[in-house]
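Given next are the chains, with one letter for each unit.
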Amino acid sequence: MRDDRPTTMTAADRIRPWVVLIALPVTLAMAALGSGAFGGQEVQASSSGALSADATPLAPASTAFSIWSLIYLGLAAYAIWQVLPKQRRDRRQQRIGWLAVASLVLNAAWILCAQAGLLPLTVVVIVLLLAVLAAIFELLQRSRADSLLETLVVDGTFGLYLGWVSVATVANIAAWLADAGLRPVDFELPAAAVLAVVAAVGVAITIRGRGTIAPTLAMLWGLSWIGVGRLLDQPESVAVAVAAAAACVIIGAATVIARLLRLRGARVRAPR
């Protein structure tokens with residue numbers, strides 16, 4: 001149990017939960033627009049197809065993007081949960097609340113930029129989104145969740161969000177480079193090297209999170225579909241597929257080791 005609950009609330013603390021709750025439907029509406037609803041163009045077809053599943057060696061297969069349904073479901077649960085009276089006074093929620101709002105706004109902004117064909121701006125937005133999610137993740141590591149429900153709704157949701165956006169950022173930058181004139185064949189081997197960097201980022205996340213599962217699952221999901229895309233779709237690349245598989249093995253192994261060390265440490269600290 002945590003004992004860091006504040007005894008008083010500022011004006012910002014009072015309005016923050018409601019801002020989160022209001023920002024959520026706006027983000028969901030933009031997501032629906034990006035899926036082709038309301039007569040809008042699907043994100044993968046926007047920007048002259050630069051964001052499609054066969055545009056670059058680092059583009060995940062189309063199925064990978066179904067993870068957004070789970071992330072949006074988690075964000076909806078979080079938005080409702082954090083507005084409950086008990087959670088409004090929780091210091092942990094106060095720390096991440098405005099950053100959560102920023103993540104929702106940036107998410108919606110990215111979709112608008114993609115729809116408008118502003119590919120360079122999508123890179124700026126997704127990098128900012130990644131930075132915001134990394135900050136949320138760091139703040140969450142500074143104190144433990146108060147319950148299993150909080151672990152699932154808060155840590156789980158933002159962990160998935162961070163893991164997926166970590167992979168999506170790389171894919172987005174590759175799409176921008178391809179749109180700028182770099183042919184897929186020109187950065188096949190650099191793409192494999194980039195996946196090694198992604199693996200290093202995944203290991204860093206799992207070490208900081210002491211084996212937290214959600215970011216790992218999202219990264220393994222995204223990397224796996226990059227590999228599938230390079231084996232079954234254009235541009236074909238065995239090198240990139242192997243690099244994606246290797247990244248999955250490295251991140252997965254690091255997570256297992258981190259969790260084992262965490263359990264071992266808990267046993268050592270337990271009273272005898």
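Just so it is clear, the structure is predicted and the values come from calculations on it, not from any experiment.

Asks: Can you walk me through the packing of aromatic side chains in this structure?
Replies: The geometry of an aromatic ring pair is captured by two quantities: the separation of the ring centres and the angle between the planes. For the structure shown, the criterion picks out 6 aromatic pairs. Taking the centre distance of 5.2 Å and the plane angle of 25 degrees together, the rings of W68 and Y72 count as stacked. Of the two residues, W68 and Y72 are both situated in helix 2 (residues 67–81); the distance of 4 residues between them amounts to about one turn of the helix. Using a relative accessible area of 12% as the deciding quantity, one classes Y72 as buried. An aromatic cluster is built from W68, Y72, Y78, F158 and Y161, whose rings are joined through pairwise contacts.

Asks: Would you mind going over a nonpolar patch on the surface with me for this structure?
Replies: Taken together, the side chains of L118, L121, V124 and L128 define a hydrophobic patch exposed on the protein surface, amounting to about 330 Å² of accessible area. Mapped onto the fold, L128 is located in helix 5 (residues 119–141).

Asks: Would you explain the packing of helix 2 against helix 4 (residues 91–115) in this entry?
Replies: The relative placement of two packed helices is expressed as an angle between their axes plus a distance between the axes. Interhelical geometry of helix 2 versus helix 4 gives an angle of 140 degrees and a closest axis separation of 12 Å. Taken as axis vectors, helix 2 and helix 4 run oblique relative to one another. As helix 2 packs across helix 4, the resulting crossing turns out to be left-handed. Between helix 2 and helix 4, the residues in contact are W68, Y72, L75, Y78 and W81 and Q93, I96, G97, A100, L104, N107 and I111, respectively. When the residues that make up the contact of helix 2 with helix 4 are grouped by side-chain class, the tally is 9 nonpolar, 3 polar and no charged.

Asks: What should I look at first to understand the nonpolar core in this one?
Replies: A general feature of soluble globular proteins is that nonpolar side chains tend to end up buried together. Counting residues in hydrophobic clusters, the biggest one holds 71 residues, and the most contacted among them are F158, Y161, W164 and L223. Broken down by secondary-structure element, the contributors of at least two residues to this core are helix 1 (11–34), helix 2, helix 4, helix 5, helix 6 (148–179), helix 7 (188–208), helix 8 (213–232) and helix 9 (238–269). With residues near it in sequence (within four places) discarded, F158 still touches L75, Y78, I96, A100, S103, L133, I136 and L140.

Rules used throughout
Residues numbered from 1 in each chain as written. Predicted model: local features only at pLDDT ≥ 70, side-chain atom pairs only at ≥ 80, totals over all residues. Heavy atoms only, no water. Phe/Tyr/Trp six-rings, centres within 6.5 Å; stacked < 30°, edge-to-face > 60°. Helix = DSSP H or I, 4+ residues; strand = E, 2+ residues; numbered from the N terminus. Buried < 20%, exposed > 50% of the residue type's maximum accessible area, 1.4 Å probe, protein only. Patch = residues over 30% accessible without salt bridge, like charges linked within 9 Å, V, L, I, M, F, W, Y side chains within 5 Å. Areas by Shrake-Rupley, 256 points an atom, 1.4 Å probe, with all protein chains shown as cover. Salt bridge = Lys/Arg side-chain N within 4 Å of Asp/Glu carboxyl O. Axes fitted to C-alpha atoms, helices over the stretch in contact; angles between N-to-C directions. Parallel < 35°, antiparallel > 145°, perpendicular 65-115°, else oblique. Left-handed = near helix turned anticlockwise from the far one by under 90°. Contact = heavy atoms within 4.5 Å. Nonpolar A, V, L, I, M, F, W, Y, C, P; charged D, E, K, R; others polar. Core = buried A, V, L, I, M, F, W, Y, C linked by side-chain atoms within 4.5 Å.

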